[in-house]
Amino acid sequence: MRSLADNKTATALFAGITLVGALSACSSPATGTDSSVTGGAPATANGTYTDGTYTETGNYTSPNGAEKVDVTLTLESNLITDVTVVGFGESPNSKQYQGQFINGIAAIVVGKNIDKLSVDKVAGSSLTSGGFTKAVDAIKADALAK
Amino acid sequence: MHARIEDFDRTYSRFRDDSLVSTIARAPNTYRFPADAPPLFELYRRLYIATKGAMSPLVGRALEELGYDRTYSLQPSATLTRVPEWQEALSWNGSELTTHTPALLDIGAAGKGYLVDLVAEVLREHGVGATTVDASGDFLHRGETPLRVALEHPLDVSKAIGVVSVQNQAMCASAPNRRAWAGLHHILDARTGLPTDRIIATWAIAATALEADGLATALFFAEPAELATEFEFQYVRMFSTGRVEYSPDLNGELFV
C-alpha cells in the first residue's frame, strides 16, 4: 500500500523515459540539451549524483513534426525527490500523448480476483435498478426474435 | 434520513412527473430551488468550464432521446436534438434558475454523490461519529480506520485492478458497463450528444462525494491536469485500450 506512494517520483520518471523513448523510436533520434542546472554538476562514473535540480529538454520528431518536452527533476542523496514535465506538443495527437505522460502514471494492469483480496469495499459502476435490467433483457429477447 | 432522500428526489428526479425538474422541462420560466441547490449548480458550472462544455446538466433531453427515460424504453429515437449550451438555456442567480428553453436537466453525474454528502450530514447532526455512507458507486467515509477499497475491473467484475485506502474522504467510481444498451450508454458528451468511448472506467477521490462524483464523470471528457487546476483530487482511469492512468499521489496500489 505505502510503497506506491513512496516510489511515486521514481515511477513517474521511468514512465516518462519510456514514453520519450517510444515516441522517438518511431522517427528520428531524440536529442537532449542541458538548458539549466542548479546546484551542481551531475553524475560521476561510480554512480554518485550531485544533489540539485536539473532541467533537460528532450527534442523528438513525431509524425506531426518537431516536438519537445522539458523534464525537471530534483536529486537528493541519489534519490529523485521531484519530477516536473512540461510538454509543448501542438498537434492534438502530441497533446494527447504528452497529456497522458504529464497527468499521471500510465500502466498496464492485471486483474486480481476480488474474493482473494482483503478489502472493505469494491468500487465500480453503480448497480443497476431492476427496471433497467429488465429493459435490457427485453431488448436482447427482441433482438433474438428478429 | 428517508425524508431527506425523498426531498431530494422530489426536486431533482428526471423520472417522476411531480419533480421540480419535470416542471421546469415543461415551460421556460424562473424557478426557485431549495437551499441545497447552490453547491450542486456551482459544481456543475465549474465542471462545465473545466470540460469545455462536455459535461453539462442539459443532457437530459439527449439521454431521453437515446432511450434512457423513465420507462427505460432503451430505444433510441430517430432524431436527436442538439444539447443546448449553458448560456443559451440557463441562468442561475444563486437561488433561482431561469430557463430560456424547455430545459430537461439531468444531474445524474453528481447528484447521487451530493445526496451521499447530505445523508452523511443528517447523520452528523444526529451525533453519529464514524460513518460510511455507501450509495453503490459513490461513498463517503468518516472515521479513524481507513477503508481498503478494491477497484473493480470494468470488463470483469470478479476482478480488481488495484486497492486504495480511503479515510475521511469520498470516492466515486463511474463506468458505463452496467448501464449500456443497444451499443449506447449513459455518459454523454454534451458537445456531441453521444456517449463517450475513449475511457471505460474512472475513480475519483475528493473531500466531498459531490466533487468526487462530478470528477469521476469529468475524467471521461477532460485531462486530469486540466481538472487539477480547479479541483483537488486523486484519480484512476482506464482507457478502452486497457491502459490505466493514475495520480502520482494515489494512496494505494495498482496491480501492474
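What you see is a predicted model, and the numbers here were worked out from it, not measured in a lab.

## Details of the nonpolar core
Residues and elements named next belong to chain B. Core analysis: the biggest nonpolar cluster contains 82 residues, and Met 171, Ala 204, Ala 212 and Leu 215 have the highest contact counts within it. A domain-level breakdown of this core finds at least three residues from each of domain 1 (2–99) and domain 2 (137–254). With residues near it in sequence (within four places) discarded, Ala 204 still touches Cys 172, Ala 212, Leu 215, Ala 216, Leu 219, Phe 233 and Tyr 235.

## Some remarks on the confidence of the model for chain B
The predicted coordinates ought not to be read in detail in places where the model reports low pLDDT. Residue and element names in this part refer to chain B. In the predicted model, chain B carries a mean pLDDT of 89, and the fraction of residues at 70 or more is 97%. Confidence, expressed as mean pLDDT per element, reaches its minimum in chain B at strand β9 (residues 180–181) with 66 and its maximum at strand β1 (residues 30–32) with 96. Taken over the whole predicted complex, pTM reads 0.70, whereas the ipTM for its chain interfaces reads 0.73.

## Remarks on helix α3 (residues 37–50) of chain B
All names here are of chain B. Its 14 residues give α3 an end-to-end C-alpha distance of 20 Å, which sits within 8% of 20 Å, the value for a rise of 1.5 Å per residue. What α3 keeps buried is the set Ala 37, Leu 40, Leu 43, Tyr 44, Leu 47, Tyr 48 and Ala 50. Taken around the axis of α3, the buried residues stretch over an arc of 170°, which confines them to a single face. Looking at the buried positions of α3, the neighbouring elements they touch are α5 (86–89), α6 (111–125), α7 (209–218) and α8 (224–228).

## Looking at the sheet that holds strand β3 (residues 96–99) of chain B
All names here are of chain B. Pairing in this open sheet of 3 strands is antiparallel, and the strands run β1-β3-β2 from one edge to the other. On the outer flanks of this sheet lie β1 and β2 (90–92), each paired with one strand and no other. Across this sheet, the average inter-strand angle for adjacent strands is 20°, counted without regard to direction.

Definitions and limits used
- Residues numbered from 1 in each chain as written.
- Chains lettered and ligands numbered in written order.
- Predicted model: local features only at pLDDT ≥ 70, side-chain atom pairs only at ≥ 80, totals over all residues.
- Core = buried A, V, L, I, M, F, W, Y, C linked by C-beta atoms within 7 Å.
- Buried ≥ 20, exposed ≤ 12 C-beta atoms within 10 Å, placed from the backbone.
- Domains from an automatic or database assignment.
- Contact = placed C-beta atoms within 7 Å.
- pLDDT = per-residue confidence, 0-100.
- Helix = DSSP H or I, 4+ residues; strand = E, 2+ residues; numbered from the N terminus.
- Expected span 1.5 Å × (residues − 1).
- Arc of directions from axis to C-beta.
- Pairing = 2+ DSSP bridges.
- Axes fitted to C-alpha atoms, helices over the stretch in contact; angles between N-to-C directions.

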